[in-house]
Amino acid sequence: MPQERDLQSMLFHQFDFDVPHALAISEERHAICVADRENGRIICYDLTTGRVKSGLRHRLFGGRVFSIAFGPSGYLYVVNGHTQNFKTQGFTLAIGDGKAKSRLVGLWGAEPSGRLPGHMH
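Our subject in this report is the structure included herewith. If you're wondering where the values come from, they're calculated on a predicted model, not measured in any experiment.

Cut-offs used in this document
Counting restarts for each chain, with residues numbered from 1 along the sequence as it is written. Reporting in this predicted model follows two pLDDT cut-offs: at least 70 for local features of residues, and 80 or more for side-chain atom pairs to be given and counted; totals over whole chains, interfaces and linings ignore these cut-offs and use all residues. Excluding hydrogens and water, the side-chain figures rest on all heavy atoms present in the structure. We call a set of buried residues a nonpolar core when its members are Ala, Val, Leu, Ile, Met, Phe, Trp, Tyr or Cys and they connect through side-chain atoms within 4.5 Å of each other. Residue exposure (1.4 Å probe, protein chains only): buried if accessible area is under 20% of the type maximum, exposed if over 50%, otherwise partly exposed. For the purposes of this entry, the term helix denotes a DSSP run of H or I that reaches at least four residues, the term strand denotes a run of E that reaches at least two, and both are numbered from the N terminus. By the convention used here, residues are in contact when the closest approach between their heavy atoms is within 4.5 Å. In short, DSSP must find at least two bridges between two strands for them to pair. Here an axis means a line fitted to C-alpha atoms, over the contact stretch when the element is a helix, while the angle between two N-to-C directions is reported on a 0 to 180 degree scale.

Concerning the nonpolar core
Okay, so step 1: Counting residues in each nonpolar core, the largest one holds 17 residues, and the members touching the most others are Ile42, Phe61, Val65, Ile68, Leu76 and Val78.
Okay, so step 2: Within the residue set of this core, elements represented by two or more residues are strand 1 (20–26), strand 2 (31–36), strand 3 (41–46), strand 5 (65–70), strand 6 (76–80) and strand 7 (89–94).
Okay, so step 3: Looking at this core element by element, the count peaks at 3 residues for strand 5.
Okay, so step 4: Among all residues touching Ile42, those that are not within four sequence positions of it are Cys33, Val34, Ser54, Gly55, Leu56, Phe61, Val65, Ile68, Leu76 and Val78.

Structure representation (structure tokens):
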């Protein structure tokens, strides 16, 4: 019988979450996306099949993703979390469709209080 440690390593998968912190649904893209906070990434699934459609990680997230939301323009808005080397800030992303890569189209920062507008932290 395998030891518990061996079982854990067998069960760990590249799409396992470490604190799923927010969800965003896009009917236009037919996707539900999850902010995987402690893995610093976003994973999107097909609404019908549940299969992974895409994953997104950006070095500027600083290893943490706290919140995500789709806007009316189809952009994905992302808020990271403060770390020793990265400040809390927001990102506007144009999400690729498989043919085109996702790209960062804007950054927005914290208010003087250190909080992002609309982000209760």
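Right, picking up where we left off after that structure.
Description of the sheet that holds strand 2
Okay, so step 1: Spatial ordering of the open sheet is given by 1-2-3-4, a layout of 4 strands whose pairing is antiparallel. Every interior strand has two partners, whereas the edge strands, strand 1 and strand 4 (52–56), have only one. Pairwise comparison of adjacent strand axes, ignoring direction, gives a mean angle of 20° for this sheet.
Okay, so step 2: The sheet contact formed by strand 3 and strand 4 spans 4 bridges and is antiparallel. Its bridge partner being in strand 4, Tyr45 is matched across the sheet by Val52.

Notes on unusual backbone geometry
Okay, so step 1: Unlike most non-glycine residues, His30 shows phi in positive territory, near 55°.
Okay, so step 2: Residue placement: His30 occurs in the loop between strand 1 and strand 2.

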